[in-house]
Amino acid sequence: MSATLTHGGLETASQAKLTWLRFRRHKLAMFGLVVMVLLYTIALFAEFIAPFNPDRSNARLVFHPPQAIHFIDDSDGGWALRPYVNAFRLARDPVTLEPRFVPDASRRIYLHWFVRGDGYDMWTFIPGNLHLFGPENPRDMVFLLGADRQGRDVLSRIIHGARASLSIGLVGVTVSLMLGITFGGLSGYYGGRIDWFVQRVIEFIISLPTIPIWLALAAALPKDWPPMAIYFTITVIISLIGWTELARVVRGRFLQLRSDSFVTSAWLDGCSQKRIIFRHMLPSLTSHIIASVTLAIPMMILAETSLSFLGLGLQPPAISWGALLKEAQNVQSIASAPWLLLPGAAVAITVLALNFLGDGLRDAADPHAH
Amino acid sequence: MPTEPILDVRNLRTWFPVGRETVKAVDDVSFTLAPGRTLCIVGESGSGKSITARSILQIVGTPGRIVGGEILYRPDPSAQAVDIAKLPPRGARMRALRGRDIAMIFQEPMTSLSPIHKIGWQIAEGLVAHGLADRRAARARAVELLRQVEIPSPEIAVDRFPFEFSGGMRQRAMIAMALACHPKVLIADEPTTALDVTTQAEILRLIKKLQDEAGLAVLFITHDMGVVAQIADDVLVMYHGAVVEHAPVQTLFARPEHPYTVKLLDAAKKLGMAAPPARPSVPAGAPVLEVRDLTMTYPAQASLFRPPKPPTHAVRGVSFDLYEGENLGIVGESGSGKTTIGSCLIRILQPTGGSVRYRMRDGATRDLVQLDRDGLRPVHREIRMVFQDPFASLNPRMTVEQCIGEPLLVNGLLSGKALSQRVRELLVRVGLPADCGSRYPHAFSGGQRQRIVIARALALDPRLIIADEATSALDVTLRGQILDLLLELQPKLGLSFIFISHDLGVIRYFCNRIAVMHRGEIVEIGAADDICARPQMPYTQRLLAAVPEADPAHRSLVAEAAP
Amino acid sequence: MRRLAGMIPFIFLVSITVFALIKLPPGDFVQNYAAALAAAGETVDDAMMASMRQRYGLDQPIWIQYWDWISGVVVGDFGYSFQWQQPVVNLIGERMGLTFVLSASTLLFTWAVALPIGVYSAVRRYSIGDYIFTFIGFVGLAVPGFLMGLVLMYVGVSVFHADVGGLFSPPFVDAPWSWARVVDLAKHLWIPMVILGTGGAASLIRIMRANLLDQLHQPYVDTARAKGLSEFTLLVRYPIRIALNPFVSTIGWVLPNLVSGSVIISIVLNLPTAGPVLLQALLGQDQYLAGAFLLLMCTLTVIGTLVSDILLALLDPRIRFQ
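All of these numbers come straight from a predicted model, not from anything done at the bench.

### Overview of the overall build of chain A
Counting its secondary structure elements, chain A contains twelve helices and four strands. Principal-axis analysis of the C-alpha atoms gives chain A an extent of 85 × 55 × 40 Å. A burial count over chain A gives 53% of its 370 residues as buried. Within chain A, counting contacts between residues at least 6 apart in sequence, those at least 24 apart form 65% of the total. Of the roughly 17200 Å² of accessible surface on chain A, 65% is carried by carbon and sulfur atoms. Charge centroids of chain A, computed over 31 positive and 26 negative side chains, lie 5 Å from each other.

Given below as structure tokens:
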């Protein structure tokens, strides 16, 4: 025996654990992970977390500006930690006579945790009316991020919109992944003519400008379809283009693995084809696939946002970030209610977080790439 | 002929801060180098020999830094010495020395030349950069240099790209590049490691010739004691960043003082051509494997638009027998088809012609070329393979126990407790602790991994093991250990081996018979002693003559160039 | 030449795909038109619809419609726009031209920004500048172009009290081409160019940085350094030169992206390029107009790929000699 074995905790650490250890050192990626977990949780419990029903409108509160939260309450002489917002009242501009909202310092609307408010059916089957936070009096409205042209709460709408926008990313990526693994795997495992054909198809799709094609496909959807059908068709349309990148990653790794001697060894050991693919090749691919998938989700989210923004994706009353941004399509509405652009910030934060996360995962999966 | 040293390195320390720790890659190294002399720095991987060489030109990669010591360069005895270690690495004075006074040749001729610039320009560039010639004169000098390094038709070669050259030609171009500005010191960092042994001999001869012509001081970095014995005047042995021994070559080989030097020399001599072979003599048993006219031809690549590529004949009509209990060595240089033969025998590749008749344990004879997937399964239990790279041949996601147990498990032979027990036995058998099965391959060194691979090969009680360059990725001291392990197991387990290698020393140590491959054919096959002592064919003779012998008293390799 | 020959079947395939796409929606233009008239209170009987279909050739089987269309396209006749009641060629000429100008100038802008920043980020890796550029790059990737357009419009309106949309000042919108109009175009072009280019530039910076980092530690860099070249010469002559190759090959996918992106940006900023008209044509099933735009856009990207391949072959002898 020549050398002594290394000691420490790492020698029995699996690859997954090593990858995780590498990933944890990547601070931005950890940050991205936290943000994404938060966002998906919000999307999942949208009914509970949003302070109001996203469709609750009030013609008198059209384009109500955002209200700032004050944490220190000094109304009864001393001061206490009681968050509140100042109510606004409608006044006329003395010069132009235009109606304007002005803060009314005399009236304070106090905010509470876990208030009873608008009723909802969580996930369509759990009735409830509890909200994470909201005004003391359920009849009051509080617009932390302002109101839209029907006097609906933009914050609640963004929170509900997260559900469609974020899930389209996941569903789309799942479809892409299935297509990508199937075609990329076929291409990489068998090589030869199948590979040639799949490669040409992928090249063809990649060289098409995506948005015009999406437009054409989305324009083909009948407007009278139910929202769910539109939702799924849009998802499929987006994934039809998105799978190519994943297929390329899978193919490349498969080709590389196929010539790795541990795969050859597995075959010589008598492993069946199934075992070679599922026990030896796919596990080596998972971290790469997870990384690529994470980087593909933001593309999907952006695509949905763009399509809905143009009015070709989800249609009202369905709520998604893109559909919300459609409200901000013309200069007049942006100029009078710039907070209508805020769903865009939600998109940007999500995409940014997913990119950080994906980059970190990729570095962790492939420490020798750099 | 001791002359004034041109380079005087004193207490050199180059350290790499990595996180909170510091890797002392070079720690307190001192030596001198005189014109016309060759100093070899020898050591295994990670000994700091390359970093020492790079420190002299201050091209240590980040985050490495010279933290102490002096590198005194004195171009001629009357001149004032320059302390290179004190010069800023990016400054003009350091640059003026690089290439012009001190030139360097690197290991990988493939990647050390820019792939997209013409050879001639890469040679001429240094001349232009140092203001020694204008472009036209530099080009003329490039042609002259290419001629000097014996590249055929240099006028044409000057406009070629590196990827159009073979490895040996690239290394010649690299030498031409280093010599462009008439440097006084030449640093060669493992310049022949990536080359075949016959090419290595040519390059060593060339360096020696050029050294004699120009009175160059040569600093030669290598891990190969044979090369050291052939070319060195003085030797510096490094281990873990420090000098363990520094002596003239004759003294070092005759009376090594440090135990590590002794170990290195023993390992080199053990696998050298003069040592007594370890393999037992075997009585000729019945043939287990009869290979007849084995042929592997890669088809011509027809393409709609491009001129078709001609078919490649990797193996052409190879025939040999393997007898029971015997070790057959297949030796050849890169591209000789030796690895293809191994892959064809075990049917990783489907040969395009010939037959491989294998007599199974139960006496039945199968033609491996004709078997289909299912038919191969029982054969693969009896014939196992060990690959070159121990890092790539173990699945990094499986524990050692899973790796070794895999063949037993998938063949339905053992499972559960019995499987664990068997794996423990196998681990002990290959000299690893029985309780290391729960670890992952990344916890093991290269030599240990190769033992794990051997344990996996042994799991199914095989009769024949095909080892493809199984020791080539290991340091020389480990090579001998792995070979001894195989030789020790052989009689106990009744094994036969086909051992494929480019290294004649390894083959000679391990094998009873040797087949010499050249361009897809066996040029000579016979008993190991006969082949090594009395080679019949010119190619075999050339191959044997090119093996550097680890004995400075017999300098056959560069003898013809020596004065 | 080989590549050129390969393009023809490719564009043929594209044309089939495009035609299939525009025929995909249920119903046709006549139906939409009738529905629009009906909404306006007029009644359209079946006989009128049939005669309209016959006039436009919409009663023919789909492959004959395709054949009529594509054989016209080959000789430069892109068919007739039903919505606009004039030949498609009249409608697309200037709009495709401006789309091309916008895409091409954005591509140049993208390179002009990405190349130096990418090099800087790689050479001064982990410096403050690198972190700042990396962060800006990430934000550039994360903010969709149309959102950036909206924000710029908001800033334009609220801070400068100016409409940043369009490509021409009002007097020039319908004016014939003149030098003054070109100058006016150049004045307006930079806003959509920046908006459109930011995303692409961000990803190109990352590509350039990664490529260069890869190349910086290649052995041939050490070889060149050992020859005594200065760090700057070294950098420009070897790693940057070689890292350019994959960079150039990105035209192939950057251009499709730009053409794609320009559609949405044009709609948001109300640019007189192909985007808004394409959207209308698609929604109104104005099949020949939509088809012409789609086909030309796809061809544009194919040409982009071709150009990048040729450039790559010029830059990299390894590809030339293959």
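### Looking at the interface of chain B and chain C
Residue-level contacts link 31 residues of chain B with 24 residues of chain C. For the salt bridge of Glu125(B) with Lys227(C), the shortest nitrogen-to-oxygen distance reads 2.9 Å. Elements with a minimum of two residues in the side of chain B that touches chain C: α1 (49-57), β6 (102-105), α3 (119-129) and α6 (167-179) of chain B. If one sorts the elements of the side of chain B that touches chain C by residue count, α3(B) sits on top with five residues. Considered class by class, the residues forming the side of chain B that touches chain C number 15 nonpolar, nine polar and seven charged.

### A short note on the packing of aromatic side chains
Scanning all chains against the criterion turns up twelve aromatic pairs over all chains. Between Phe497(B) and Phe510(B), the ring centres sit 5.2 Å apart and the planes meet at 75 degrees, which makes this aromatic pair edge-to-face. With Phe497(B) in strand β18 (residues 496-501) and Phe510(B) in helix α17 (residues 504-510), this residue pair connects regions lying 13 residues apart in the sequence. Look at Tyr220(C) and Tyr238(C): their rings are 6.2 Å apart centre to centre, the planes differ by 45 degrees, and that puts the pair in the tilted class. On the criterion of sequence distance, the pair formed by Tyr220(C) in helix α9 (residues 219-226) and Tyr238(C) in helix α10 (residues 231-249) is long-range, its members being 18 residues apart. This pair shows no difference in class: Tyr220(C) is buried, exactly as Tyr238(C) is.

### A closer look at the interface of chain A and chain C
Between chain A and chain C, the contact holds 41 residues from the first and 40 residues from the second. Between chain A and chain C, a total of about 3500 Å² is buried, with carbon and sulfur atoms accounting for 83% of that surface. Linking chain A with chain C are one salt bridge, by the criterion used here. The shortest N-O distance in the salt bridge between Asp359(A) and Arg206(C) comes to 3.1 Å. Where chain A packs against chain C, one counts one residue pair in polar contact (both at pLDDT 80 or more). Counting residues per element, the ones that place at least two in the side of chain A that touches chain C are α5 (192-206), α6 (210-219), α9 (273-309), α11 (331-336) and α12 (342-365) of chain A.

### Here's the deal with unusual backbone geometry
Residue and element names in this part refer to chain B. Phi is positive for Arg347, close to 70 degrees, though the residue is something other than glycine. Position of Arg347 among the secondary structure elements: in the loop between α11 (338-345) and β14 (353-359). With relative accessibility at 12%, the residue Arg347 sits in the buried group. Its identity as a non-glycine residue notwithstanding, Arg519 has a phi of 50 degrees, on the positive side.

### Quick word on the nonpolar core
Of all hydrophobic cores here, the largest spans 206 residues; its most connected members are Leu215(A), Leu289(B), Phe320(B), Leu345(B), Ile498(B) and Trp69(C). Ranked by residue count, the leading element in this core is α9(A), at 15 residues. The next biggest cluster of nonpolar side chains, apart from the first, holds 154 residues, and it includes Ile71(B), Val158(B), Ile452(B) and Ala467(B).

### Quick word on the packing of helix α10 (residues 259-270) of chain B against helix α16 (residues 476-493) of chain B
Residue and element names in this part refer to chain B. Where α10 meets α16, the closest approach of the two axes is 8 Å, and the angle between their N-to-C directions is 50 degrees. Between α10 and α16, the interaxial angle falls into the category oblique. Judged by the twist between their axes, the crossing of α10 over α16 is left-handed. Residues Lys263, Leu264, Ala267, Ala268 and Lys270 of α10 lie in contact with α16, whose contacting residues are Val476, Thr477, Gly480 and Asp484. Tallied by class, residues from the contact of α10 with α16 come to four nonpolar, two polar and three charged.

### Describing the sheet that holds strand β8 (residues 217-222) of chain B
Residues and elements named next belong to chain B. Across the sheet, which stays open at both edges, the six strands sit in the order β6-β7-β8-β3-β9-β10 with mixed pairing between neighbours. In this open sheet, the two edge strands, each paired with only one partner strand, are β6 and β10 (242-248). Sheet twist, expressed as the mean angle between neighbouring strand axes with direction ignored, is 15 degrees. In terms of strand pairing, strand β3 (residues 38-42) meets strand β9 (residues 234-239) through four bridges, oriented parallel.

### Quick word on the packing of helix α5 (residues 88-123) of chain C against helix α8 (residues 179-216) of chain C
Residue and element names in this part refer to chain C. Between α5 and α8, the shortest axis-to-axis distance is 4 Å and the interhelical angle comes to 40 degrees. By the angle between their directions, the pair α5 and α8 is classed as oblique. Crossing of α5 against α8: the hand is right-handed. Grouping the constituent residues of the contact of α5 with α8 by class yields 25 nonpolar, eight polar and three charged.

### Focus on the domain arrangement of chain A
All names here are of chain A. Taken domain by domain, chain A comprises domain 1 (60-151) and domain 2 (158-369). The distance between the C-alpha centroids of domain 1 and domain 2 comes to 39 Å. Listed by partner, the interface residues are ten residues for domain 1 and eight residues for domain 2. Carbon and sulfur atoms supply 65% of the area buried between domain 1 and domain 2, which totals about 690 Å² over both sides. Three residues stand out in domain 1 for area buried against domain 2, namely Phe63, Leu145 and Arg149, and they jointly supply 58% of the buried area on that side. Run the count over domain 1 and domain 2 and you get zero salt bridges. One can count one residue pair in polar contact (both at pLDDT 80 or more) joining domain 1 with domain 2. Class assignment for the residues of the side of domain 1 that touches domain 2 results in six nonpolar, two polar and two charged.

### Regarding the state of the cysteines
Residue and element names in this part refer to chain B. The tally for this structure, following the rule as stated, stands at zero disulfides over all chains. The thiol sulfur of Cys344 is not disulfide-bonded, and the nearest other cysteine sulfur, from Cys511, lies at 19 Å. On the basis of relative accessible area, Cys344 is assigned to the buried category, the value being 2%. The cysteine Cys511 is free of any disulfide, with Cys532 supplying the nearest cysteine sulfur at 9.8 Å.

### Section: a nonpolar patch on the surface
Residue and element names in this part refer to chain A. On the surface, Ile69, Phe71, Ile72, Trp79 and Leu81 cluster together into a nonpolar patch covering about 590 Å² of accessible area. Mapping Ile69 onto the fold places it in the loop between α3 (46-49) and β1 (70-73). Given a relative accessible area of 35%, Ile69 falls into the partly exposed group.

### Observations concerning α9(A)
All names here are of chain A. Between its first and last C-alpha, α9 extends only 47 Å over 37 residues, short of the 54 Å set by a 1.5 Å rise per residue. Leu282 marks where α9 bends most, by close to 50 degrees; the proline Pro283 follows one to four residues later. Burial within α9 is extensive, with 27 of its 37 residues counted as buried. At the C-terminal side of α9, Gly311 shows a positive phi close to 85 degrees.

### Considering the side chain of Arg479(B)
In this fold, Arg479(B) is placed in helix α16. Here Arg479(B) is in contact with Leu271(B), Thr471(B), Ser472(B), Leu474(B), Asp503(B) and Val506(B), once residues within four sequence places are set aside.

### Observations regarding the pairing of strand β19 (residues 513-518) of chain B
All names here are of chain B. Across the six residues of β19, five count as buried, placing the element largely inside the fold. With four bridges connecting them, strand β13 (residues 327-331) and β19 associate as parallel partners. Along β19, the bridge assignment pairs Leu328 with Arg513. Pairing analysis gives six bridges linking β19 to strand β20 (residues 521-527), with the strands arranged antiparallel. When the sheet's bridge partners are listed, His518 is paired in β20 with Glu521. Taking the residues that link successive antiparallel strands as the turn, the β19-β20 hairpin has two residues, and the phi of Arg519 there is positive, at about 50 degrees.

### Description of the environment of Met398(B)
Mapped onto the elements of the fold, Met398(B) is located in the loop between β16 (383-386) and α13 (400-410). Linking Met398(B) and Asp212(B), residues 186 residues apart in sequence, is a C-alpha distance of 55 Å.

Here is what the cut-offs are and how they apply
Residues numbered from 1 in each chain as written. Chains lettered and ligands numbered in written order. Predicted model: local features only at pLDDT ≥ 70, side-chain atom pairs only at ≥ 80, totals over all residues. Heavy atoms only, no water. Helix = DSSP H or I, 4+ residues; strand = E, 2+ residues; numbered from the N terminus. Buried < 20%, exposed > 50% of the residue type's maximum accessible area, 1.4 Å probe, protein only. Contact = heavy atoms within 4.5 Å. Areas by Shrake-Rupley, 256 points an atom, 1.4 Å probe, with all protein chains shown as cover. Lys, Arg positive; Asp, Glu negative; His and termini not counted. Charge placed at Lys NZ, Arg CZ, Asp CG, Glu CD. Salt bridge = Lys/Arg side-chain N within 4 Å of Asp/Glu carboxyl O. Nonpolar A, V, L, I, M, F, W, Y, C, P; charged D, E, K, R; others polar. Phe/Tyr/Trp six-rings, centres within 6.5 Å; stacked < 30°, edge-to-face > 60°. Buried area = accessible area lost by both parts, 1.4 Å probe. Polar contact = N/O pair within 3.5 Å; in protein donor to acceptor, adjacent residues only side chain to side chain. Core = buried A, V, L, I, M, F, W, Y, C linked by side-chain atoms within 4.5 Å. Axes fitted to C-alpha atoms, helices over the stretch in contact; angles between N-to-C directions. Parallel < 35°, antiparallel > 145°, perpendicular 65-115°, else oblique. Left-handed = near helix turned anticlockwise from the far one by under 90°. Pairing = 2+ DSSP bridges. Domains from an automatic or database assignment. Disulfide = S-S within 2.5 Å. Patch = residues over 30% accessible without salt bridge, like charges linked within 9 Å, V, L, I, M, F, W, Y side chains within 5 Å. Expected span 1.5 Å × (residues − 1). Bend = angle between axes of the 7 residues up to and from the residue.

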